[in-house]
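Report on the structure
Chain by chain, the residues run as shown.
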Amino acid sequence: MKKRIKCTTFSFCFLVLFGNANLASSATTPEIEAIFNWAESNFSNFFPNHQTTQMIDPWAFRFYPSTGIYVGAKNNEVFVLGGSFGSDNPTFIDTVPSLFAQVQGSGGNGSVPGCDTSDIPAGLVVTQNGNVVNITTNGQCIVVPNPANNNFCGVPPQPQATGISVLSSTNVTSLVIKGIEISTPGIPNPFESAAENITDSKFCEINAPAELANQIVNSDICFDMTDQFGPLSDSSIPGITITPPITTTFVGTATNQVVPDCFATDATVVNDAFTGETWTRDVNGNLVQTGF
């Protein structure tokens, strides 16, 4: 008869059942987070409710109490354990690169609670661990089909009023433009102005989903803007030199906090996730309804 071990905590259970491991700091990756999120989104019968990734070296894993199932990644391989998968030995699923390719091929980045990632461009990876969302292009510069759609953690429409108001403030730590050089003194740099506008902008969401509260969004992304600015290279503009490719690398952090009333904040834009109404602050400092 096999001896069963009663697990008092999921971390201890994972440690015992998955084999020898050291209680040390282990790192997850955007690819692993995307796979775990995708599993939650597409196989909710096994992985219900969003869980935070835990680390016990050399494992990165998530545990789902209601099903008793673990999903873990080690040495670039993904395994499952517990529940309907059995609790004797981990079941190998596939390698991280292979599963991540499937996630990207499905057109999704997995389930990121509080974010609408249904319309993000290829090459952009959005993952979540706890209340922290990370958006990255993994050091590559990607082409953006629609530069106007630059909110890659957009708030999904809500089917009912939540009564939660969330203010989002962005801090830009780095904005690097390559391919456009302004050499004439006195000509303002439009990209510096854009960075200042992003830094100063605050957005407030009425009837926001609960997952948006206290959320932190870290962005480290690079866009290839050659298609948008390429025509300028065919013309001679004094003081401005265009040398394709034209890229923009942005690093910043948006911090969310719950507020009593969006209209009592200094938000630049206020949106209602339930009704779809939008208000924008005009030159006089007043919030004026601009969309419905």
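The structure we're discussing is the one just above.
This one's a predicted model, so the numbers in the text were calculated from it and none came from an experiment. (Residues numbered from 1 in each chain as written. Predicted model: local features only at pLDDT ≥ 70, side-chain atom pairs only at ≥ 80, totals over all residues. Heavy atoms only, no water.)

1. Concerning the nonpolar core
- Grouped together as the largest cluster of nonpolar side chains are 21 residues, with contacts concentrated most on L124, V133, I135 and F223.
- Where this core is concerned, the elements lending two or more residues are β7 (132-143), β8 (165-182), β10 (216-224) and β11 (240-259).
- Counting residues per element, this core draws most heavily on β11, which supplies four residues.
- Aside from chain neighbours lying at most four places away, what touches I135 is L124, V125, V126, F152, C153, V217, N218, S219, D220 and I221.
- Membership of the second largest hydrophobic core comes to 18 residues, among which are I35, W38, F47 and A73. (Core = buried A, V, L, I, M, F, W, Y, C linked by side-chain atoms within 4.5 Å. Buried < 20%, exposed > 50% of the residue type's maximum accessible area, 1.4 Å probe, protein only. Helix = DSSP H or I, 4+ residues; strand = E, 2+ residues; numbered from the N terminus. Contact = heavy atoms within 4.5 Å.)

2. Points about the state of the cysteines
- In this structure the tally under the stated criterion is two disulfides.
- Bridging C141 to C222, the disulfide has an S-S length of 2.0 Å. Judged by the sign of its S-S torsion, about 75°, the cystine formed by C141 and C222 is right-handed. Within this pair, whereas C141 is found in strand β7, its partner C222 is found in strand β10, the two being separated by 81 residues in sequence.
- Across a sulfur-sulfur distance of 2.1 Å, C204 and C262 are joined as a disulfide pair. Between C204 and C262, the disulfide has an S-S torsion of -80° and is therefore left-handed. Here C204, found in strand β9 (residues 202-206), pairs with C262, found in the loop between β11 and β12 (269-272); they are 58 residues apart in sequence, far enough to count as distant.
- The class of C262 is buried, set by a relative accessible area of 1%. (Disulfide = S-S within 2.5 Å.)

3. Thoughts on the layout of surface pockets
- Roughly 200 Å³ of internal volume is contained in the second largest pocket.
- Together, I35, W38, A39, F43, F46, F47, V71, V78, V80, F85, I93 and L99 line the second largest pocket.
- Elements with a contribution of two residues or more to the lining of the second largest pocket: α2 (30-42) and β4 (77-81).
- Looking at which element gives the most residues to the lining of the second largest pocket, the answer is α2, with three residues.
- Looking at the lining of the second largest pocket residue by residue, the classes come out as twelve nonpolar, no polar and no charged. (1 Å grid on protein atoms, 1.4 Å probe; cavity = no way out; pocket = protein on both sides within 12 Å on 5 of 7 lines; lining within 4 Å. Points joined across faces, edges and corners; volume = space filled by probe spheres on them. Nonpolar A, V, L, I, M, F, W, Y, C, P; charged D, E, K, R; others polar.)

4. Thoughts on the pattern of salt bridges
- Counted under the stated rule, the structure contains three salt bridges.
- When the shortest N-O distance is used, the salt bridge between R62 and E33 registers 2.9 Å. Taken together, the residues R62 in strand β2 (residues 59-64) and E33 in helix α2 connect sequence positions 29 residues apart. You'll find R62 and E33 in the same group, each marked buried.
- A salt bridge links K202 to D266, with the nearest nitrogen and oxygen atoms 3.1 Å apart. Here K202, found in strand β9, pairs with D266, found in the loop between β11 and β12; they are 64 residues apart in sequence, far enough to count as distant.
- Taken together, the shared-partner salt bridges connect E33, E40 and R62 into one network. (Salt bridge = Lys/Arg side-chain N within 4 Å of Asp/Glu carboxyl O.)

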